[in-house]
Amino acid sequence: MLKVEFYGGKGGVGKTTLSSARAHYYTKLGKKTLLVSTDPAHSISDVLGIQVGSKLKSITPLLDAIEIDPEEEANLYIDQIRRDLNSILSPVVLEDVNKQLRAARVMPGTHEASLFDKMIELMDLHKDVYDVMIFDTAPTGHTLRLLTLPELLIEWFEGLIKKREKIVKLKAMLGLKEDDPILARLKIRRDTFLKAKDMIRSDNTSIHLVMNPEKMPLEETKKAMKYLNDAHQPVAEIIINKILPPDIVEPFFKNKIKKEQEVIAEVKAIYSYLKITEIYLLDQDMDADSLFKIVELL
Ligand SMILES: Nc1ncnc2c1ncn2[C@@H]1O[C@H](COP(=O)(O)OP(=O)(O)O)[C@@H](O)[C@H]1O
Ligand SMILES: [Mg+2]
């Protein structure tokens, strides 16, 4: 059964570092793993030390990686909608619709929706190839919020399908019996979201929040935890990254270390039922070599 892990958190906290390290960690356990980046900044290439692109790339015998470009996906997504509509609408209406679709390319939500489609497609297409799939999410894309959407969208599509079925029935009564491409398309969309819901709600799918040991990030993590819990999408692990090693003796760092340890203690107290992973700040930025120091800490 495919295991799926999502890594979320603010920009710069270490999502790319931790998701890449976890991917390596799973390959050490002998698991065939796919690391997926949905961040347009595409930093997994830097961390893995190999240029990754929009096609599956082999990193090690057990590790593959792929970068999804939200903008490219949004364009593909809208082109698909356009093709669907082209075949069923009159040229006059189509002109108007095309105008709206052009606007949709830059509309908030389009990137997320198309990204979501692509994630589901990846999971569905490769579920028999990989043991583990790890998603490194973008800081701006509300990917984790997105995970709570399918339920809402299923209901919405059910409503649209019912309406469309009524129209098709009326047409049939008038003797206009033909296949209805709109209805077919709506059903495909609904089925995608049903599949998405099953995958996301599965016990094999988990959310991992990355944070740094500071007061503000702690408050943000609390908010994210509450939102996800309310949406019945519980978090499996909190990773506290970039912790100052307590053995630093310089007085300058003493207070900072004390404050960080207070935050860590609070996280442990509030979320005692969760897996809390502590990762120290390394004395260098992440590259293919230093990444393995993090893998050791997992
Ligand atoms: N434990 C760590 N020790 C040292 N540097 C780290 C650590 N974790 C992350 N970094 C560095 O912090 C920066 C942001 O990390 P990154 O994983 O890209 O964050 P995100 O993906 O959340 O934006 C990078 O330069 C990375 O090398
Ligand atoms: Mg990143």
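Model, not experiment: these values are computed from the prediction. (Residues numbered from 1 in each chain as written. Chains lettered and ligands numbered in written order. Predicted model: local features only at pLDDT ≥ 70, side-chain atom pairs only at ≥ 80, totals over all residues. Heavy atoms only, no water.)

A. The arrangement of the overall build of the protein chain in detail. Helix and strand counts for the protein chain come out as 11 helices and eight strands. Overall size of the protein chain, expressed as C-alpha extent along the three principal axes, is 85 × 40 × 35 Å. Burial analysis of the protein chain (298 residues in total) assigns 44% to the buried set. At a minimum sequence separation of 6, the contacts of the protein chain that also span at least 24 residues come to 74%. Looking at the protein chain as shown, the accessible area adds up to about 16200 Å², and 57% of this sits on carbon and sulfur atoms. The distance from the centre of the 43 positive side-chain charges to the centre of the 46 negative ones in the protein chain is 5 Å. (Helix = DSSP H or I, 4+ residues; strand = E, 2+ residues; numbered from the N terminus. Buried < 20%, exposed > 50% of the residue type's maximum accessible area, 1.4 Å probe, protein only. Contact = heavy atoms within 4.5 Å. Areas by Shrake-Rupley, 256 points an atom, 1.4 Å probe, with all protein chains shown as cover. Lys, Arg positive; Asp, Glu negative; His and termini not counted. Charge placed at Lys NZ, Arg CZ, Asp CG, Glu CD.)

B. Representation of unusual backbone geometry. Even without being a glycine, Lys 242 presents a positive backbone phi close to 65°. Structurally, Lys 242 is set in strand S7 (residues 235–243).

C. Fine view of helix H10 (residues 251–270). In this model H10 runs 30 Å from its N-terminal to its C-terminal C-alpha over 20 residues, within 8% of the 28 Å that 1.5 Å per residue would give. Where H10 is concerned, the buried positions are Ile 257, Glu 260, Val 263, Ile 264 and Val 267. Take H10 and look down its axis: the buried residues cluster within an arc of 125°, on one side only. The exposed set on the far side of H10, more than 90 degrees from its buried face, consists of Pro 251, Lys 254 and Ala 269. Taken together, the buried residues of H10 touch strand S6 (205–211), helix H9 (215–230), S7 and strand S8 (275–280). (Expected span 1.5 Å × (residues − 1). Arc of directions from axis to C-beta.)

D. The arrangement of the environment of Ile 50 in detail. Position of Ile 50 relative to the elements: it lies in the loop between helix H2 (44–48) and strand S3 (57–60). Judged by its relative accessible area of 26%, Ile 50 falls in the partly exposed class. Taking the C-alpha atoms as reference points, Ile 50 and Arg 22, 28 residues apart in sequence, are found 17 Å from one another. Apart from the residues lying within four places of it in its own chain, the contact partners of Ile 50 are Ser 45, Lys 57, Ser 58 and Ile 59.

E. The arrangement of the side chain of Glu 237 in detail. Counting through the fold element by element, Glu 237 comes out in strand S7. Among the polar contacts made by the side chain of Glu 237, one reaches the side chain of Arg 22 at a distance of 2.7 Å. Engagement of the side chain of Glu 237 in a polar contact is seen with the side chain of His 208, the distance being 2.6 Å. Not counting chain neighbours up to four residues away, the residues in contact with Glu 237 comprise Tyr 7, Arg 22, Ile 207, His 208, Leu 209, Leu 274, Lys 275 and Thr 277. (Polar contact = N/O pair within 3.5 Å; in protein donor to acceptor, adjacent residues only side chain to side chain.)

F. Quick peek at the pairing of S3. With three bridges joining them, S3 and strand S4 (residues 63–67) adopt antiparallel strand pairing. Bridge pairing in S4 places Thr 60 opposite Leu 63. Between S3 and S4, which pair antiparallel in sequence order, lie two residues. (Pairing = 2+ DSSP bridges.)

G. Just the nonpolar core, in detail. Among the nonpolar cores identified, the biggest contains 42 residues, and Phe 116, Met 123, Met 133, Phe 135, Ile 238, Ile 240 and Val 267 are the most heavily contacted of them. In contact with Phe 135, other than residues within four places in its own chain, are Val 4, Glu 5, Phe 6, Tyr 7, Val 36, Thr 38, Met 119 and Met 123. Judged by nonpolar contacts, the second largest core, of 23 residues, contains Tyr 26, Val 47, Leu 48 and Ile 134. (Core = buried A, V, L, I, M, F, W, Y, C linked by side-chain atoms within 4.5 Å.)

H. Spotlight on the packing of helix H7 (residues 150–173) against helix H8 (residues 181–201). Where H7 contacts H8, the axes come no closer than 9 Å and their chain directions differ by 160°. Considered as vectors, H7 and H8 are oriented roughly antiparallel to each other. When the axes of H7 and H8 are compared, the crossing they make is left-handed. Residues Pro 150, Glu 151, Leu 153, Ile 154, Phe 157, Glu 158, Leu 160, Ile 161, Arg 164, Glu 165 and Val 168 of H7 pack against Ile 182, Leu 183, Leu 186, Lys 187, Arg 189, Arg 190, Phe 193, Leu 194, Ala 196, Lys 197, Ile 200 and Arg 201 of H8. Residues of the contact of H7 with H8, tallied by class, amount to 14 nonpolar, no polar and nine charged. (Axes fitted to C-alpha atoms, helices over the stretch in contact; angles between N-to-C directions. Parallel < 35°, antiparallel > 145°, perpendicular 65-115°, else oblique. Left-handed = near helix turned anticlockwise from the far one by under 90°. Nonpolar A, V, L, I, M, F, W, Y, C, P; charged D, E, K, R; others polar.)

I. Just the site of ligand 1, in detail. Within the structure, ligand 1 sits among 18 residues, and Gly 12, Lys 15, Thr 16, Thr 17 and Leu 282 are positioned closest to it. In this structure, Gly 12 approaches ligand 1 through a main-chain N or O atom, which is 2.7 Å from an oxygen atom. Within the backbone of Leu 282, a nitrogen or oxygen atom sits 2.8 Å from a nitrogen atom of ligand 1. Surface burial for ligand 1 is 83%, taken as the share of its 560 Å² of free accessible area covered by protein chains. Secondary-structure elements contributing two or more residues to the shell around ligand 1 are helix H1 (15–28), S7 and S8. Considering every element that reaches the shell around ligand 1, the biggest residue donor is H1, with three residues. Of the residues assigned to the shell around ligand 1, the class counts are seven nonpolar, seven polar and four charged. (Near = heavy atom within 4 Å.)

Structural measurements only, silent on function.
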